[in-house]
Amino acid sequence: MTNRTGKKSQRPFLYRSLASYLREVFGQTLRKVSLDPGFGCPNRDGTIGMDGCAFCNMESFVPSHVRADVDPVEQIRQAREGKGDEPFIAYLQAGTGTYTTAARFREMVDNICGLPGVTGLFIGTRPDCVDGEMLDVLRPWLYRKLVWLELGLQSANDATLDRIGRGHNVESFSKARALASDRGIPVLAHVILGLPGEGPEEMMGTASYLARQRVEGVKIHHLQVIRGTRMEELFRAGEVVPLTMDSYPGLVAGFLERLPPFTVIQRLAADAMGDLLIAPQWPDRGKVIETIREYMLEEGKWQGRLYEKGSV
Ligand code: SF4
């Protein structure tokens, strides 16, 4: 059987996963090592806002070895202890990975990329914290490492971004994406399904926007209500109703159908750490992914199906 990416496969193509992409590029999958660059967040230090995004508790997204007061190179050393020299991807996950000067960013990027075993560098940041000077720092590494820029979009609906206190608009994403494209840097968008005020129409609108942007990657999360966030207050006040597990596979499938088949899907559901999760209480992420796959198989849906028909 030939799948939709032209490769021989025993299984039907449902979506282009990160694991399959890494196997195409490196012949194997690679682990990611999450890091905190220690730059903080402009939506918390008063530069853009003080309260942060309504859904965000930074502790819920990163493993315990990740500490802002420890140099990223030392974080890597601690995380890799006893793991030999197998290749891995360094991932600037916590906070805002480009919220610093170009000189400090360059020093950190060069130090990380110069370490043995570092095969790739993924940088998570806000779209309004990216400019040409910062992206030029990455240029020397582009053809030696797998470099990706991960931009938090969450929704392609300005009213939603306002509602959740993001402090940037959709245009910020479009501009950052264009700056990255000009330099050949792949862009991955983070999105959340089930944000307050959004129904299927708005969520599918975000997928269509990302299809028009022809992004190289997407991480899809369902909205999770995390302890200590403004979303928790809204949830307890009955103003936020999390998605149900029954509705989620259909929403994800619809989202994937609108994306181009080449877009790499790095994530299909959120996975908050520890006991910070309040709602929804779903099965573990592996089970959620299995349910989505079963749904897509049964319903005859696959990534790019609507995109290829031009109906996005
Ligand atoms: S999601 Fe990102 S931008 Fe928003 S408060 Fe958290 S770290 Fe800051």
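Higher on the page you've got the structure.
Computed from a predicted structure; not experimentally measured.

1. A few points about helix H3 (residues 102–113)
Move 1: End to end, H3 covers 16 Å across twelve residues, agreeing with the expected 16 Å (1.5 Å per residue, within 8%).
Move 2: Along H3, the residues that are buried comprise Phe 105, Met 108, Val 109 and Ile 112. Taken end-on, H3 shows its buried residues confined to a sector of 100°, consistent with a single buried face. Those residues of H3 that are exposed and aimed more than 90 degrees away from the buried face are Ala 103 and Asp 110.

2. With respect to the site of the ligand
Move 1: The environment of the ligand is made up of Cys 41, Asn 43, Arg 44, Gly 52, Cys 53, Cys 56, Met 58, Gly 95, Thr 96, Arg 126 and Gly 152.
Move 2: Tallied by class, residues from the shell around the ligand come to four nonpolar, five polar and two charged.

3. Things to note about the sheet that holds strand S4 (residues 146–154)
Move 1: Taking strand neighbours across the sheet as the criterion, the seven strands line up as S1-S2-S3-S4-S5-S6-S8 in an open arrangement whose pairing is parallel. If you trace the sheet from one side to the other, it starts and ends with strand S1 (31–35) and strand S8 (264–267), each paired once. Between one strand axis and the next, the sheet turns by 25° as a mean value, whatever way the strands run.
Move 2: Strand direction decides the pairing type here: strand S2 (residues 88–92) and strand S3 (residues 118–125), joined by five bridges, are parallel. Residue pairing across strands places Phe 88 opposite Val 118, the latter belonging to S3.

4. Things to note about the packing of helix H9 (residues 248–258) against helix H10 (residues 285–299)
Move 1: At a minimum axis distance of 9 Å, the contact between H9 and H10 shows a crossing angle of 65°. When the interaxial angle is binned, H9 and H10 end up roughly perpendicular. In this structure, the crossing between H9 and H10 has a hand that is right-handed. Contact residues: Pro 249, Gly 250, Val 252 and Ala 253 in H9; Thr 291, Ile 292, Tyr 295, Met 296 and Glu 299 in H10.
Move 2: Looking at the contact of H9 with H10, its residues break down into six nonpolar, two polar and one charged.

Parameters and conventions
Residues numbered from 1 in each chain as written. Predicted model: local features only at pLDDT ≥ 70, side-chain atom pairs only at ≥ 80, totals over all residues. Helix = DSSP H or I, 4+ residues; strand = E, 2+ residues; numbered from the N terminus. Expected span 1.5 Å × (residues − 1). Buried ≥ 20, exposed ≤ 12 C-beta atoms within 10 Å, placed from the backbone. Arc of directions from axis to C-beta. Near = placed C-beta within 6 Å. Nonpolar A, V, L, I, M, F, W, Y, C, P; charged D, E, K, R; others polar. Pairing = 2+ DSSP bridges. Axes fitted to C-alpha atoms, helices over the stretch in contact; angles between N-to-C directions. Parallel < 35°, antiparallel > 145°, perpendicular 65-115°, else oblique. Left-handed = near helix turned anticlockwise from the far one by under 90°. Contact = placed C-beta atoms within 7 Å.

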